[in-house]
Every structure is written in C-alpha cells, then in structure tokens.
Amino acid sequence: MIQLLTVLLPTAYLAVLLAYAHDFRAQSEDRHTRLRRLYFYATLALHAGLFAAYVRSVDGPPQFDRLHVVSALGLTTGLLYALVGEGAESTRQGRAGVGLFVVALVFGLQLIASAFGPLTVEPHRADPTFYFLHVGTILLASASLALSGTYGGLYLLLYRQMRGKRFGPLYRSLPSLSELASQMRRASLFACVLLFLGVNGGIAWAHARDVPEFSYSHPLVLTALALCAHFALVAFSRHLPGMNPRRASLAATIGLVVFLGSLYFALAPGKFH
Amino acid sequence: MTASHPDLERQFALIGLSHWSAPVDMREKHAVPGDQLVARTRELGAVDGVDEALLLSTCNRTEVLLVGRDLSGALTALRSGIFAHAGPQHLYEYRDLHAVVHLMRVGCGLDSLVLGESQILGQLRESASASETAGTLGDHLRPLLDQTFALGKRVRARTSLGEGTLSVARVAVDIAERASGPLEESRALIVGTGETGILTARHLVARGSRDLVFANRTLANAEKVTRDLGGRAVGLDALEREIARCDLVAVCVDGGRVLHRDHFERARLDRRDAPLVALDLSVPRAIDPEAAEVDGLLVYDLDDLARVVAENRRGREAATRETSEMLLAEVAKYLARRRVARAAPLLSGLGERFEEVRSAYLSEAGVAEDPRARELAVELSRRLLDAAFGAVKNGLRGGSGDELLDRAYRSYLDQR
C-alpha cells in the first residue's frame, strides 16, 4: 500500500494541477471547474491515507525521514488551502486563481518525496500524544508559512504586471492585490503563532526527557525561531512604518525560499523509485 | 437572395424585434410574460399552415420561429396579431436557412446587447420548454434547439466570446477593483467633471461603490454631480487630504497638470493595504508622469486603457470569427440530419423489400424449410443491408457541399 500510494500520488497531483490550469484559463465555470475540487480532495485523502499506512506499519508514531517531512508539508499545505484558503477566495473572486500555484507547490514537494524518499519508517520513541501535538503544530505552522510565501509571491507577480501595464492571465485570474496582502498576513500570523507554540513545546519536551541531541544552537531550532520572528514581521507589517504590502510580500517570499532551502540542505540522498 | 435549401423540406420563418431594431417602449409592448408563454405558443401552433412554433420573449427581443408547409398566411397573421403595434421598420424577418442561422446566433450570444452573454441560453430553454408543453415542438424544431443549446455551451466554454470590456471607463474600474478589492469597500476621488471621469463614477456606483468624493476648481460644479451620483464635493485645496484617504483617483480635467509627484509622496502610500490606483483620463495629461515612480502607486493614462480595450476588441473579433465557424459547422450538421431523416422512410421501405426478395429466393431454391440455409441467408442479407445502408447514410451526411450554406450565411449578415 505504501509503495502504491508513493508512486500514485505525484500522478494524482499532476491531474489536479492540469484541472486547475484549465480553470485558470477558463472564463466561466464548467464541468472541469466543478470537478477540480473533487479531484483535489480525493488526492488529499489518498495522501492522508499514505500517512495512515505509515502509522499502521509501526503501530504508533513513526520516525520520519526528512523527505517524509517534505511529503507531510505538501499534504498539510494542500489541506489548509482546501479547507480555508480556497473557500474564502472562491467566494470573493469566483475562481480559485491561487489554487494553481498552491497545487503546483504541493505537486513539487510530493514529486521530490516520492522520487527520493524511503518507503519504510521506524517507530518513534516519543510519547504519542506529545508527538502528534508537536508534529501537528509544526506541520500546520509550516503549511501556513508556505501559503503566506505563496500569497506574497503572487502579490509581487501581480503588482509587477500591473505596474508594467500588462493585463494577462495573472491579472484576470488572481484575487485583488488587497486580498492577496490580507491572506498573506493572515497566514503569516497563523504560522508564527503555531511555530512559536510548536518549537517551545518541543523544547519543553526535550528538557523534560533530557534528550541529549537537543541544543538551543541546533540548526533546526535556530531556523525555526528565526522564521517565527520573520513571519511575525510580515503578519504585523500593516502596523510597521515602512513595511508596505510590497515589502511584506517580498519578506514572505524570501521566508518561504529560506524555509524550503533549509529543508533541502537537511535532505539525505535516496534511491529513485 | 434566397435562403432556401433542398435539405429543409419545410419552410422556416422567423419574425421579431430586438434592441437592434426597436426602442425599449416598443419592445415593452410586445414582451410576453412568462406565465403566458405556453398559452401564446399554443395559439401560434394553431395558426393555419404552422406545424411547429417557438416563442422567445426577453427584455431585449421578442421573436417567433415557425415551421410549416406554407407560412405566408401565418406571417401575415403575426404581423397583424402579436406584432400589431410594431411598424415595418421595427420588425425583421428571416426565412429558411436565414432563420436557422439567426436562431443559432441568438443562442451563441452573437446577437445580444452584451456580446456572448449567457442568459439568453436559459431564456431559450424556457421557450423550448413552453413549446414542448404547448405541443408545438416537432421533428424539425426539437433537434434544431438541441443543437443550438449544445453549440451555445461549446462556444462559451471554448472561445473568449464575451470576455473583456470595450469601454475605457469600465477598464479603469476593473483595474481599480483588481488593486483594492471589492468596490463596495473602497473610496474613490474623482477630480474634475469631464465626461470620462463622470462615466467612471457611474460605473463605480453601478459596481457598488458608495464612497465617492468629487473635487473641482468650482465647488458648485462638483456639488451638481453629487446631486446625481451621491458622495461629497470638495475643492482642489482638499486634494492632498483626500488622496491620502482614497483607494482610487480618477482625474478628468482640462488644461494641464493638477497632480504632481509630491502630492502622492506626502500621502504616505506605504501605509496602505493595496497600491493607490491613479487614472489620468485627461488630455493633456493631468498627472505628472514622474508620479508613476512613487512606490505604492499605479498610474494609468488614456493610452494605457485604450491598449487594453484594443486587445479586448481583437480578442472578441477572433472569438466571433471562431464562433461563426462553429455555427456554420452546426448548421451543416443540422442539414445533414434533415437529409438522413428524409431518407429514413425510403430506407425502411427498401429493407422490407429486401426481405421479401430474400424469402422468395429461398422458396425458389427449395431451402426455405432448411434452418441452416435460412440462417445463413438471413445473416448474409442482414450484413449486406447494414453495409449498404451505412454507406448511404454516410453519403447523405456528407452533404451537397458548403457553398449554398456559405452564401446563405453571407447574405444573412448583409441583411443585418
């Protein structure tokens, strides 16, 4: 089951991406527009099924490889967008223009995870309740961060198009600049609060269990705290002098790149399936 | 020029008036309320010479499509009946292929006030449903309407017909909405009382904008506009204060620069959720071009807006050409179906004749009672018949060439 889902998921996400690409070009809703949500939800369910299979394979919380984390990040980002972001956007704008880019990100993450990640997991020694709380919080924070960076990047693209007086597909299909800025700040706030809770929860657990590998200077801890502060700046940019939406969007996009980069440099090479 | 076609074995006639031919008070007199649609359609079907009838009535058109063997009497009755209030200058008539083409054009939205609008398809469905209830839909109109609906859906899904506005003022409002979001929540400052500026204000109001400020050198002129469109009037001395608060500035004045770079720099645009959109609708330009360099400000002049309109127009022209090609193909398909339908009784008769000949031959050969021989003969003749009828039907569908159809379409367009 794990192997089947690992191979199937990139193809499934590619089909979703093509459905969203069709909708991005389409003027009015048609059968494909109505079905794209169904494709997306079904693929997310399959993806969740993969992680359920991991948990079942070790009868408890699994010890994830970093590429499993990449896959989990994709799943959580997709879920968060599907449950919260897309609904809000469609109501206001009539189409999920951002969806194409979110699905592309999720597809990219899963493709990397499926191509290079291991098929097996080891059991984790952590208390299951703590594990799911800590990992869940960090994953939700990371997904919010990813969405914030996506909204920020799209703000910059659309702003650049409008400033250059070009009114192409991005202009027609994305939400307004105001909406993109607002969603970016909202996602940033969510990210920094959850990241703060998740990191401190992890630190508290490490102290309580006297975990020998833990250190405040551990790269993951430092990066997490730095990202937390960075996205707090984005979340409260409206109240900070000199931080207009364009600069905040730039900060959010850079934050996303740094975050993805930090995952990349932590990756261990694996076999191509 | 005649629009008859050998594959239309009945006469088709369409008579009506629309926003192209009649003013709104004339159209009002001929509008048919929804609850009377079935009854009025039934009356049409009862007219001498009419076999099938369709009545389409919307705020922009009232049209009757009839099918029958001889419709001249029916058309005379309609001119003095349902269209009694309309003069000859208000009515148009299309016969045969022109009527078929017109119906499909209406279904595609090519004849609509707003090119490509989709509401007409729903209205046509209601008329078809009324005709079905009234019992005036038959073998000619039913497939024609089915094809019209399918074509209408396909055109809207595959072409960009109806996309893109052709009005500078509307493009300006679209850009403002794309920057700052729903217009109900934004504030607009209109500087000057020029025509394009006022038109932009009207579009803003139509799209829900409630917070308008009109600034003019002469306060009384600005106040005059507020009596019509609502909002507040201010003098030009309040410009800087109002710019700092608004999401959109539209400037339409005579005689030189009104807004300079420092007006916008002092407005502290970096504090906003979205860039300020400044529309320079003046000739000569009223906003200093250097202002475009201010961070958080998007400036568009008439040339920029006209470029968008020109691009939209090119898109629509291309979509109209593409739609016309799809429409002609659909009409050709309809004619092919009529050909096959006309040949159906002949083919059916031929099938019966083949069976008679087969039975007679088997009897002559003395094997009529042999089950194996009979089975072989039946199977062989069935296969031969299927092959022959298939070839005949394909030949009928292939048609008698597109020239007649092309000529009829061109002559239809010439009449409009």
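Residues numbered from 1 in each chain as written. Chains lettered and ligands numbered in written order. Predicted model: local features only at pLDDT ≥ 70, side-chain atom pairs only at ≥ 80, totals over all residues.

**Here we look at the domain arrangement of chain B**
Then, in step 1: As assigned here, chain B comprises domain 1 (11-158) and domain 2 (168-309).
Then, in step 2: Taking the mean C-alpha position of each, domain 1 of chain B and domain 2 of chain B sit 45 Å from one another. (Domains from an automatic or database assignment.)

**Description of the UniProt feature "transmembrane region" (unreviewed entry) in chain A**
Then, in step 1: On the UniProt side, "transmembrane region" (unreviewed entry) is annotated at positions that read residues 6-26, 38-55, 67-84, 96-119, 131-158, 187-208, 214-236 and 248-267 of chain A here.
Then, in step 2: In this annotation, residues 187-208 of chain A is assigned 100% helix and 0% strand; the end-to-end C-alpha distance for the span is 31 Å. (UniProt positions renumbered as here; feature names shortened; annotations may be inferred. Helix = DSSP H or I, 4+ residues; strand = E, 2+ residues; numbered from the N terminus.)

**Considering the sheet that holds strand 10 (residues 297-301) of chain B**
Residues and elements named next belong to chain B.
Then, in step 1: Here six strands make up an open sheet; going across it, the order is 7-6-5-8-9-10 and the pairing parallel. In this open sheet, the two edge strands, each paired with only one partner strand, are strand 7 (232-235) and strand 10. Put simply, the sheet's adjacent strands are angled 20° from each other on average, direction ignored.
Then, in step 2: Here strand 5 (residues 187-191) runs beside strand 6 (residues 211-216); their pairing, made up of five bridges, is parallel. Bridge pairing in strand 6 places Leu189 opposite Val213.
Then, in step 3: Helix 7 (residues 168-180) contacts strand 8 (248-251), strand 9 (276-280) and strand 10 of the sheet and is inclined by roughly 165° relative to strand 9. (Pairing = 2+ DSSP bridges. Axes fitted to C-alpha atoms, helices over the stretch in contact; angles between N-to-C directions. Contact = placed C-beta atoms within 7 Å.)

**Description of the packing of helix 5 (residues 128-163) of chain A against helix 7 (residues 177-209) of chain A**
Residues and elements named next belong to chain A.
Then, in step 1: It is at 7 Å that the axes of helix 5 and helix 7 come closest, and there the two elements cross at 155°. Accordingly, the angle class assigned to the pair helix 5 and helix 7 is roughly antiparallel. In the packing of helix 5 onto helix 7, the handedness of the crossing is left-handed.
Then, in step 2: For the contact of helix 5 with helix 7, the residue count by class is 23 nonpolar, 10 polar and no charged. (Parallel < 35°, antiparallel > 145°, perpendicular 65-115°, else oblique. Left-handed = near helix turned anticlockwise from the far one by under 90°. Nonpolar A, V, L, I, M, F, W, Y, C, P; charged D, E, K, R; others polar.)

**Comments concerning the sheet that holds strand 3 (residues 61-68) of chain B**
Residues and elements named next belong to chain B.
Then, in step 1: Ordered in space as 2-3-1-4, the four strands form an open sheet in which the pairing is antiparallel. Looking at the sheet topology across the chains shown, the edges are occupied by strand 2 (50-57) and strand 4 (92-95). Shown here is a sheet whose adjacent strand axes are inclined to one another by a mean of 15°, direction ignored.
Then, in step 2: Inspection of the sheet shows strand 2 paired to strand 3 by seven bridges, in the antiparallel sense. Bridge pairing in strand 3 places Leu54 opposite Leu65.

**Looking at the UniProt feature "binding site: substrate" (unreviewed entry) in chain B**
Residue and element names in this part refer to chain B.
Then, in step 1: The sites that carry the UniProt feature "binding site: substrate" (unreviewed entry) are, in the present numbering, Thr58, Cys59, Asn60, Arg61, Ser112, Glu117, Ser118, Gln119 and Gln123.
Then, in step 2: Counting through the fold element by element, Cys59 comes out in the loop between strand 2 and strand 3.
Then, in step 3: Within the fold, Ser112 resides in the loop between helix 4 (97-108) and helix 5 (119-134).
Then, in step 4: On the basis of neighbour count, Ser112 is assigned to the buried category, with 20 C-beta atoms found within 10 Å.
Then, in step 5: The contact partners of Ser112, leaving out residues within four places of it in the chain, are Glu117 and Ile120. (Buried ≥ 20, exposed ≤ 12 C-beta atoms within 10 Å, placed from the backbone.)

**Re the interface of chain B and chain A**
Then, in step 1: Each partner contributes residues to the interface: chain B has 20 residues there, and chain A has 20 residues.
Then, in step 2: Of all the elements in the fold, those that place two or more residues in the side of chain B that touches chain A are helix 6 (141-158), helix 7, strand 10 and helix 12 (302-365) of chain B.
Then, in step 3: Residue composition of the side of chain B that touches chain A, grouped by class: seven nonpolar, four polar and nine charged.

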